[in-house]
Amino acid sequence: SVLQPRIDEIEAGEMTEVSNGQKHPQLPHDIHQQLAECGFIGISFPEEYNGMGMGHVEQAIVIKELSRVSPSVGKCLDVYILGLEALDLYANHEQKMKYLAPCCSGEQTVSFAFTEPETGSDPKMLKTRLEKQADGTYKLNGVKRFITNGDGHISLVLARTEEGTSDARGLSMLVHDKRDGGVKVRRIENKLGIKGSPTCELVFTNAPARLVGDRKMGLIKYVMSLMNAARLGIGAQSVGLCEAAYREALKYAQERAQFGKPIIQFAAVAEMLSNMKAKLQGARALLYETTRFVEIYKQYGHIAQERSLEPEERQEMKFYNRLADGFTPLVKLFASEYANQLAYDAVQIHGGSGFMKDYPCERLYRDARIMNIYEGTSQLQVVAAINAVTKGTFLEQIKTYEAADYAPEMCAVKSKLTDLRVRFEEMVARVETLEKERSGYKDFHARRLVETAGHIIITYLLARQAGESAEYIDSARIYCKLAESKVAEAYNYLMHSDVEDVDLFKKVGQEEAI
């Protein structure tokens, strides 16, 4: 109710001044304060530091719901939380009181300065450095790019602290307070979508900074441990956008009449909407399942700080860690791709009107495009998830779902899923065999394997929900049909693919750019 009346103002990017004279979009101060007063910014952090002390499930729900109304606000909150999680996990008590507590209460804002102009998805090549000055102090020098909320008060910065290093082991995590000076917002990106969220290029020039945690642990431990949270955040944003796109499409299809009847009564439109609903509910089910895995793993981590874990607890912690590492890239992959698909279909259902700025679906279409790019493209999510295929994590969980009891209405769905699981096993076996003949065969088919596992898993989750609420029965059946079609396509392609395909598709790399 707070965001909806001001959505146009936020998503257009309300222009305000920054200290160096540049104009940039910024989340309206009163909305930021309301997020803090509701406890959303500190939702998953300890009460000692002005947090709410809740978990990742509640956090995902909040980000999803905000993103349904305003993807820009959802993104801003997600980045706040990611930066604060770094402080919560690795900062000392003094730093938490100085930075975490005021951010949770809304007094300050935070960003995570990670990406650089030349590094993209290869963090080992980061060049920003912490350099020793003549007076013995250490200061930051370098450039960071595509930094959401980069104009905030506090920046968590990944920088090189070890002289003579050029790999991940020379990187540490630092905190910079804008009030100490030394940082300039050199550029505000003019983006396709999520315009209400400022994306900045930052230049650090002899900027004072303080070490967070241990030296040399910035990438190999700290950032890598935050990847699951980053993927969950984008998954939640994407599901929120899916909900918005579906609602807009459904509303328009019910109201728009052609040839004497609402267009929702035409088979083609009804099928589109039914598929949209099934994908939305499937992505949401996967988000909550993944969040549960992450939450259980994190809780064991908190317990381990208080006492030694029992052998059974250590094993269970490792089990949920493997599930979190496999499912977080899976939910990021599926939810972000579905956000794009549902936004596309929403515009299509609106017809020519969807191409106009008069309807929200036009904005949703632009906002969706970043979802399968930032925090790791879909291609990189496949790279992250393929280990869960080859190490059997997905298959083990699929068999766990298969062994469960389901409502009578899901008997046919469960039978089909058993057949799909057998096909999945055949695909994995073929890839493992041919990978021994030709290195790169697994990478070539990685997305087919990951998506096959995902389609089976999502269908099981919807079938489980169908036993809890009848509203999911139709979506479970519809998604099962989609899964059958997608798995059949991947199966036929892979089972007829030989090792020569690896080189066949690499030939494009020999072409000269025109």
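Residues numbered from 1 in each chain as written. Predicted model: local features only at pLDDT ≥ 70, side-chain atom pairs only at ≥ 80, totals over all residues. Heavy atoms only, no water.

Caption draft 1: Up close: the overall build of the protein. Within the protein one finds 15 helices and 12 strands. Counting only C-alpha atoms and orienting by the principal axes, one finds that the protein spans roughly 70 × 60 × 60 Å. Counting every position in the protein, which comprises 514 residues, the buried fraction comes to 53%. Surface exposure of the protein reaches about 23,500 Å², of which carbon and sulfur atoms provide 51%. (Helix = DSSP H or I, 4+ residues; strand = E, 2+ residues; numbered from the N terminus. Buried < 20%, exposed > 50% of the residue type's maximum accessible area, 1.4 Å probe, protein only. Areas by Shrake-Rupley, 256 points an atom, 1.4 Å probe, with all protein chains shown as cover.)

Caption draft 2: Region of the structure containing helix α3 (residues 56-69). Its 14 residues place the ends of α3 20 Å apart at the C-alpha level, agreeing with the 20 Å of an ideal helix rising 1.5 Å per residue. Burial in α3 covers these residues: H56, Q59, A60, V62, I63, K64, L66, S67 and V69. (Expected span 1.5 Å × (residues − 1).)

Caption draft 3: Focus on the pattern of salt bridges. Evaluation of the coordinates by the stated rule reveals 32 salt bridges. Across the pair K298 and E85 runs a salt bridge, and its minimum N-O distance is 3.4 Å. Here the residue K298 occupies a position in helix α7 (residues 267-306), and E85 occupies one in helix α4 (residues 71-90), the gap between them amounting to 213 residues. For the residue pair K298 and E85, the accessibility class agrees, reading buried in each case. R292 is the partner of E289 in a salt bridge, and the nearest nitrogen-oxygen pair spans 3.3 Å. Placement of both E289 and R292 in helix α7 is noted, with a separation of 3 residues, approximately one turn of the helix. Residue classification places R292 among the partly exposed positions, given a relative accessible area of 34%. One network of salt bridges, in which partners are shared, links K64, E65, R68, E243, R247 and R284. (Salt bridge = Lys/Arg side-chain N within 4 Å of Asp/Glu carboxyl O.)

Caption draft 4: Quick peek at the environment of E47. Examined against the element boundaries, E47 turns out to sit in the loop between α2 (29-37) and α3. A residue is classified by how much of its surface remains accessible, and E47, at 61% relative accessible area, is exposed. Ignoring anything within four residues of it in the chain, the contact list for E47 reads M52 and G53. (Contact = heavy atoms within 4.5 Å.)

Caption draft 5: Spatial organisation of unusual backbone geometry. Phi angles above zero are rare outside glycine, and F146 is one such case at about 60°. Among the structural elements, F146 can be located in strand β5 (residues 138-148). Residue F146 is classed as partly exposed on the basis of its relative accessible area, which comes to 45%. Although it is not a glycine, I194 sits at a positive phi angle of roughly 30°. Of note, I194 is situated in the loop between β8 (183-188) and β9 (199-208).

Caption draft 6: Looking closely at the nonpolar core. If you look at the biggest cluster of nonpolar residues, it comprises 131 residues, and the most contacted ones within it are L84, L156, M173, L286, I349, F394 and I457. If one sorts the elements of this core by residue count, helix α6 (residues 218-255) sits on top with 18 residues. If sequence neighbours within four positions are ignored, L84 has contacts with I41, F45, L100, C103, C104 and V110. Of all hydrophobic cores here, the second largest spans 14 residues; its members include L130, L174, L202 and A207. (Core = buried A, V, L, I, M, F, W, Y, C linked by side-chain atoms within 4.5 Å.)

Caption draft 7: Representation of helix α12 (residues 411-437) within the structure. Relative to the 39 Å expected for 27 residues at 1.5 Å per residue, α12 spans 40 Å between its end C-alpha atoms, a close match to the ideal helical length. All of the buried residues along α12 are V413, L417, L420, R421, F424, M427, V428, V431 and L434. Check the buried side of α12 and you find it contacts α10 (378-390), α11 (393-403), α13 (441-468) and α14 (473-495).

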